[in-house]
Amino acid sequence: MKFLAILSCSFLVVTSCALETPVKPHPQNQNQEPMDPNSAAPGIVLPPSSDSSQTPSSPPTNSDLRISDVLGTQKQINIFAGYTRDISTVSARLEDSSLNTTVLAPLNNAITSLPRKPWEDPEDYSAYGSVAYDGKDGEDRASRNFRRFTEAHVVTTSPWRESEKVQNMAGGELWWEYRNGVARLMPGDVEVERVVSRVANGEVWVLKNALNYVRNSH
Ligand SMILES: *[C@@H]1O[C@H](CO)[C@@H](O)[C@H](O)[C@H]1NC(C)=O
């Protein structure tokens, strides 16, 4: 039931996006929301800078907050923030002050413009055809894929230094490097737009695209 709610909610997001885009010439510049007083301090939104030897950009750490406290306050990544609340392994980790995490949150429009939904896997369509996500088994497959997508964007290390190979919660390995002053996640070469939050148990990075989320062979 819960999963169906996610499906329909995300479907609504896609639909409203598709309807709004043509009639709103400057959707990004209009409704700037006031800063939540409980979120990280203003001024933390800095572009990645090549003079940092540690992580892309250096917003000050707000050590009174956890990632779970700040993730939902960032409007431009609120689709992914919703995913992290729906996957219990991820939500537990982001609330845990004893475990550091780097959240790699794709922008909303990166998620809504994916060629397939986060819970779809071409291998499932090959194996089961168009009914791949019907019925109880289909729902289980979709849940597993959705969890893998979300966990692939949660890195179990913070601070995370350039070139340092780390694991995500889905068991994949990744690292990042600067190129022309821009932080890029590898493999996949996904640009990090900026680091939006730095809190007691880690950091939130905003990605211009979603990471590749094909089935992990390990
Ligand atoms: C966790 O993050 C904090 C804040 O950046 C840092 O001081 C601490 O060393 C990190 N712990 C580990 C085990 O990486």
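What this report covers is the structure whose coordinates are included nearby.

What counts as what
Residues numbered from 1 in each chain as written. Predicted model: local features only at pLDDT ≥ 70, side-chain atom pairs only at ≥ 80, totals over all residues. Heavy atoms only, no water. Salt bridge = Lys/Arg side-chain N within 4 Å of Asp/Glu carboxyl O. Helix = DSSP H or I, 4+ residues; strand = E, 2+ residues; numbered from the N terminus. Buried < 20%, exposed > 50% of the residue type's maximum accessible area, 1.4 Å probe, protein only. Axes fitted to C-alpha atoms, helices over the stretch in contact; angles between N-to-C directions. Parallel < 35°, antiparallel > 145°, perpendicular 65-115°, else oblique. Contact = heavy atoms within 4.5 Å. Nonpolar A, V, L, I, M, F, W, Y, C, P; charged D, E, K, R; others polar. Left-handed = near helix turned anticlockwise from the far one by under 90°.

1. Some remarks on the pattern of salt bridges
Stage number 1. If you walk through the whole model with that rule in mind, you get 10 salt bridges.
Stage number 2. With a shortest N-O distance of 3.2 Å, aspartate 121 and arginine 148 are connected by a salt bridge. In this pair, aspartate 121 is assigned in the loop between helix 5 (108–112) and helix 6 (122–128) and arginine 148 in helix 7 (residues 135–151), connecting sequence segments 27 residues apart. Comparing aspartate 121 with arginine 148 shows no difference in burial state: the two are buried.
Stage number 3. Of the charged contacts in the structure, one is a salt bridge between aspartate 189 and arginine 179, with a shortest N-O distance of 3.0 Å.

2. Concerning the packing of helix 3 (residues 78–86) against helix 4 (residues 88–95)
Stage number 1. At a minimum axis distance of 5 Å, the contact between helix 3 and helix 4 shows a crossing angle of 100°. Here helix 3 lies roughly perpendicular to helix 4, going by the angle between them. For the pair helix 3 and helix 4, the contacting residues are Thr84, Arg85 and Asp86 in the first and Ser88, Val90, Ser91 and Leu94 in the second.
Stage number 2. Grouping the amino acids of the contact of helix 3 with helix 4 by side-chain chemistry returns 2 nonpolar, 3 polar and 2 charged.

3. Comments concerning the packing of helix 3 against helix 7
Stage number 1. At their nearest, the axes of helix 3 and helix 7 sit 10 Å apart, and the two run at 115° to each other. Between helix 3 and helix 7 the crossing geometry is left-handed. Side by side, helix 3 and helix 7 meet where Phe80, Tyr83, Thr84 and Asp86 of the first sit next to Phe146, Phe149 and Thr150 of the second.
Stage number 2. In terms of residue class, the contact of helix 3 with helix 7 is made up of 4 nonpolar, 2 polar and 1 charged.

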